[in-house]
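# Coordinate analysis (summary)
Okay, here's what each chain looks like letter by letter:
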Amino acid sequence: MTPVTRQKVLGLYRKIFRIAKKWQSASGQIEETIKEKEYIKNEAKTLFQKNKNVTDPKLIKQCIEECEARIEIGLHYNIPYPRPIHLPPMGLAHKQGRTLRHQEKLRKISKPIYLKSHDEVS
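Calculation notes
- Residues numbered from 1 in each chain as written.
- Predicted model: local features only at pLDDT ≥ 70, side-chain atom pairs only at ≥ 80, totals over all residues.
- Heavy atoms only, no water.
- Helix = DSSP H or I, 4+ residues; strand = E, 2+ residues; numbered from the N terminus.
- Contact = heavy atoms within 4.5 Å.
- Areas by Shrake-Rupley, 256 points an atom, 1.4 Å probe, with all protein chains shown as cover.
- Patch = residues over 30% accessible without salt bridge, like charges linked within 9 Å, V, L, I, M, F, W, Y side chains within 5 Å.
- Salt bridge = Lys/Arg side-chain N within 4 Å of Asp/Glu carboxyl O.
- Expected span 1.5 Å × (residues − 1).
- Buried < 20%, exposed > 50% of the residue type's maximum accessible area, 1.4 Å probe, protein only.
- Arc of directions from axis to C-beta.
- Axes fitted to C-alpha atoms, helices over the stretch in contact; angles between N-to-C directions.
- Parallel < 35°, antiparallel > 145°, perpendicular 65-115°, else oblique.
- Left-handed = near helix turned anticlockwise from the far one by under 90°.
- Nonpolar A, V, L, I, M, F, W, Y, C, P; charged D, E, K, R; others polar.
- Lys, Arg positive; Asp, Glu negative; His and termini not counted.
- Charge placed at Lys NZ, Arg CZ, Asp CG, Glu CD.
- Core = buried A, V, L, I, M, F, W, Y, C linked by side-chain atoms within 4.5 Å.

### A word on the overall build of the protein
A tally of helices and strands in the protein yields five helices and zero strands. Counting from the amino terminus, the protein carries its helices and strands in the arrangement α-α-α-α-α. The long-range share in the protein, meaning contacts at least 24 apart out of those at least 6 apart in sequence, stands at 69%. Carbon and sulfur atoms provide 57% of the accessible area of the protein, an area that totals close to 9,200 Å².

### Here's the deal with a nonpolar patch on the surface
A cluster of nonpolar residues, Tyr-77, Ile-79 and Tyr-81, forms a patch on the protein surface that exposes about 250 Å² of accessible area. Looking at the element boundaries, Ile-79 is found in the loop between α3 (57-77) and α4 (98-110).

### Concerning helix α1 (residues 3-22)
The end-to-end C-alpha distance of α1 is 29 Å, a good match for the 28 Å that 20 residues give at a rise of 1.5 Å each. Turning to α1, its buried residues number three or more, namely Val-9, Leu-12, Ile-16, Ile-19 and Ala-20. Take α1 and look down its axis: the buried residues cluster within an arc of 100°, on one side only. Turned more than 90 degrees away from the buried face of α1, the exposed residues are Pro-3, Val-4, Arg-6, Gln-7, Lys-21 and Lys-22.

### Description of the packing of α1 against helix α2 (residues 30-50)
Two elements in contact, α1 and α2, have axes separated by 8 Å at closest approach and are oriented at 165°. Classed by the angle they form, the pair α1 and α2 counts as roughly antiparallel. When you trace α1 past α2, the crossing you get is left-handed. Packed against α1, whose contacting residues are Val-9, Leu-12, Tyr-13, Ile-16, Phe-17, Ala-20 and Lys-21, the element α2 presents Lys-37, Ile-40, Lys-41, Ala-44, Lys-45 and Phe-48 at the interface. Grouping the constituent residues of the contact of α1 with α2 by class yields nine nonpolar, no polar and four charged.

### Quick notes on a positive patch on the surface
Together, Arg-14, Lys-15, Arg-18, Lys-21 and Lys-22 make up a region of like positive charge exposed at the surface. Within the fold, Arg-18 resides in helix α1.

### Things to note about the nonpolar core
Ranked by internal contacts, the top residues of the largest apolar core, which has 13 residues, are Leu-12, Ile-16, Ile-40, Ile-64, Cys-67 and Ile-71. Broken down by secondary-structure element, the contributors of at least two residues to this core are α1, α2 and α3. Per-element tally for this core: the top contributor is α1, with five residues.

Purely spatial values, then, with no claim about function.
Right, here's the structure in full:
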């Protein structure tokens, strides 16, 4: 990892914890605010810990973009959790064969960047 990339990653990590420190839940309830602050901190620790050994520059860039996207979405909607995506069910595909593989590939490609790591951790 280059020094510039390292600085960017550490800056994002600090930014997340600053956001968590100031976080207020949408409902304004103290219990919910505390719960959401803990979620933000735990999610950041888990994902950064999981990706600490990543060395591929493309994968590092993808993780940074995902982090920035989740921060922006969380601040915009005032929700710390990743926003769900509504993809059509795979009920039209056969249980095996090319059609199923094609639909699985399309679902994987169409998943937004901010949900790539969420399914792996949750």
